[in-house]
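Next come the chains, spelled out residue by residue.
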Amino acid sequence: MSTINSQDDEDTFKILVATDIHLGYLEKDPVRGNDTFVTFNEILDHAQKNEVDFVLLGGDLFHDNKPSRKTVHSCLESLRKYCMGDRPVQFEILSDQAVNFHYSKFPWVNYQDENLNISIPVFSIHGNHDDPTGADALCALDVLSCAGLLNHFGRSTSVEKIDISPILLRKGRTKIALYGLGAIPDERLYRMFVNKQVTMLRPKEDEDSWFNLFVIHQNRSKHGATNYIPEQFLDDFINLVVWGHEHECKIAPFQNEQQRFYVSQPGSSVVTSLSPGEAVKKHIGLLHVKGKKMKMEKIALETVRTFHIEDIVLADHPDLFNADNPNVTQAIQAFCMEKVELMLDTAERERLGNPRQPEKPIIRLRVDYAGGFEPFSVHRFSQKYMHRVANPKDIIHFFRHREQKEKKDIDLNFGKLVSRPAEGTTLRVEDLVKQYFQTAEKKVQLSLLTERGMGEAVQEFVDKEEKDAIEELVKFQLEKTQRFLKERRTDAVEEKIDEEELFFFIQVRKFRESRKKNTEEEDKEVREAMIRARAHRSEGEVLVEASSDEDSVDIEMTGTSNPSDGPSSTLSRGRGRARGRARGARGQNSTARGSSRRGRGTTSQESASGSRSSKPVPGKNMSILDVFRSSKTDHSSNSFQSYSEDIIDADSDPEDTSFVPSSSKINQRLPATSSLSKRGSQSQASRGVDFESDEDDPFMSPATSRRTK
């Protein structure tokens, strides 16, 4: 790494680098709730005091995918306080900003906006905690970007091919090509790198004169065969890689011997897991770039709560602990108290030299009690430190190291052995699902879905609150399997289906195995199912908003069935919300009045046949064969369910009797029916009929009048 002699001239970029701030982590904790906000203010204060050109964040600005109002408000408050001002920005952007920010409604950098006064621009990619989700694929960073306080870049919308286009910056004679790639599932990105589907675009003019800076948010350490991104996958023309997602602070640039670029891992600015990597002193970096030379200056964070962790193996102290001693548990507890007191003394000495540091430290004592020892009560132990530590419930962690016995000439079934992850490692939902089905009994094994698809659906359900993810995946794969079976056996007869069950299940098993081998096709299936789930959720939100507006509009449908029939009627939503106004019958024409009444002549069977002419939904209490049978009878039965007769009371007008089309056609004629109701109200008003009083209403039955009163 080259050094820079003069750092404050007009050719030197000064960039503040930070990652994994995790705003909102433990925000409801009475002691640690404000830690992330205080540290974020310190980071931006360093940027303001050092007069940096811009701030570069490496993902996970927010801890939650849907941060609370308090978290968003605190973030907006900090950005407005430190990043807005009259100080001019000293660098310019040379690349096409419509390409760099193509997904934004305002495709330009915020400091060039005429309506904003930005002194310190902030550039950030998204992480795995605050990644885009939902039907519109939005994240919390998009809210900040729309407000003009942050520049969200490095977003990839395609999952088949990724082209990373850099943001080209120039200050004096120094030019920086800023590349960014937001968080993508590691297995998918790993496979895309292997298949040469990730391309980093380079400037056409003077390729060697640019300082290439790449920001990424992925697993750097190996968590599995493909659950990480090797550094060798990245292009060798890169000069510096800022690696997010890993919380251990290794901010000093380390050179990769094969690719010859440098890697800086700033780590997190808050302790989110009680593991040894989080106990390393937290820093941010002040990066100086001049020409092709760079220098990383470490800045220690003073407002971070101190964290001390220590491990104890009881079996390593045979002179102190004997498993056969009946009082050994009390001896272990006294020994642990002594260790905790020593860590508290160390934390107190560190805090004396730093008044900005929080008073209560985070203490963690991991005790390995293998060897016949018994753990003591953790809750009783933690009560002694309620007012001295920030995490009293998590001070002691008992674990037992598994002793691997040497076995010779014995075949072990490794499929039944589930490895227990070490403390501090990230346990993913899809890995748990895959582990469960691999070790489950045969009767609960998946026969239609794949473990990988189900794992991703469960992850969407847990992490991003997509409530319809699992249901839509099951429906999608069930429909695809049905199409596959129909193509294979188009001449199947209903009477012979029971005899051919074995054939069907063999075909389903083969179809499932072929999908497991074709991972790209399976990824497409999962993505399409997730899109359907998000669209279904959006439609539900629109329906809820529309139904709330119906309270202020009189809606009357021609030929509706009994409102008290509940779900059996097709238009129960619109009629149920306007029922009170329909009984008043103010301003309705004769047809609307007749239809708004209870429809006593309509039988439940006729109502059901007229309003439920749609096909049964697959996947709800139906097997594959049931759906296969029902698909053969749908075509013949639909021809008899086009219309249903609605009989009105004898005391209504003769012209009130009408034929109503099926539910699918009623939905298409809603606007026309509403307009008819409005014209009818005008005609009734012109006749001088007053329906304000229930007693004068000739179209209201006595029972309805009593209910209204």
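Provided above is the structure to which this section pertains.
Residues numbered from 1 in each chain as written. Predicted model: local features only at pLDDT ≥ 70, side-chain atom pairs only at ≥ 80, totals over all residues. Heavy atoms only, no water.

### Considerations on the overall build of the chain
A count of helices and strands for the chain gives 20 helices and 20 strands. Buried positions account for 48% of the 709 residues belonging to the chain. Across the chain, contacts joining residues at least 24 apart in sequence account for 74% of those joining residues at least 6 apart. Accessible area of the chain: about 37,800 Å², with a carbon and sulfur share of 49%. (Helix = DSSP H or I, 4+ residues; strand = E, 2+ residues; numbered from the N terminus. Buried < 20%, exposed > 50% of the residue type's maximum accessible area, 1.4 Å probe, protein only. Contact = heavy atoms within 4.5 Å. Areas by Shrake-Rupley, 256 points an atom, 1.4 Å probe, with all protein chains shown as cover.)

### Some remarks on helix H2 (residues 69–83)
In this model H2 runs 21 Å from its N-terminal to its C-terminal C-alpha over 15 residues, within 8% of the 21 Å that 1.5 Å per residue would give. Residues of H2 that are buried sit in contact with helix H1 (35–49), strand S4 (122–124) and helix H4 (140–146). (Expected span 1.5 Å × (residues − 1).)

### So, the side chain of glutamine 97
Relative to the elements of secondary structure, glutamine 97 occurs in helix H3 (residues 97–100). Judged by its relative accessible area of 12%, glutamine 97 falls in the buried class. For glutamine 97, the side chain forms a polar contact with the main-chain nitrogen of valine 109, separated by 2.5 Å. Setting aside residues up to four positions removed in sequence, glutamine 97 forms contacts with His102, Pro107, Trp108, Val109 and Gln112. (Polar contact = N/O pair within 3.5 Å; in protein donor to acceptor, adjacent residues only side chain to side chain.)

### Notes on empty space enclosed by the protein
In total, this model carries five cavities of 30 Å³ or more according to the counting rule given. The calculated volume of the second largest cavity comes to roughly 90 Å³. For the second largest cavity, the full set of lining residues is Tyr25, Leu26, Arg32, Asp35, Thr39, Ser269, Val270, Val271, Thr303, Val304, Arg305 and Ile362. Residue composition of the lining of the second largest cavity, grouped by class: six nonpolar, three polar and three charged. (1 Å grid on protein atoms, 1.4 Å probe; cavity = no way out; pocket = protein on both sides within 12 Å on 5 of 7 lines; lining within 4 Å. Points joined across faces, edges and corners; volume = space filled by probe spheres on them. Nonpolar A, V, L, I, M, F, W, Y, C, P; charged D, E, K, R; others polar.)

### Thoughts on the environment of isoleucine 21
Mapping isoleucine 21 onto the fold places it in the loop between strand S1 (13–18) and H1. The spacing of isoleucine 21 and threonine 39 is 18 residues in sequence and 8.2 Å in space, taken between C-alpha atoms. When neighbours within four sequence positions are excluded, isoleucine 21 is seen to be in contact with Thr36, Phe40, Ile43, Leu57, Gly59, Asp60, Leu61, Ser269 and Val270.

### Observations concerning the pairing of strand S13 (residues 262–265)
Along S13, one buried face is formed by Tyr262 and Ser264 and the opposite face, lined by Val263 and Gln265, is buried too. Across three bridges, strand S11 (residues 240–244) lies against S13 in parallel orientation. The residue of S13 that forms the bridge with valine 242 is serine 264. Pairing of strand S12 (residues 250–255) with S13, which is carried by three bridges, proceeds in the antiparallel orientation. Note on S13: the bridge partner recorded for glutamine 255 is tyrosine 262. The hairpin turn running from S12 into S13, its antiparallel successor, is six residues long, and arginine 260 in that turn takes a positive phi close to 70°. (Pairing = 2+ DSSP bridges.)

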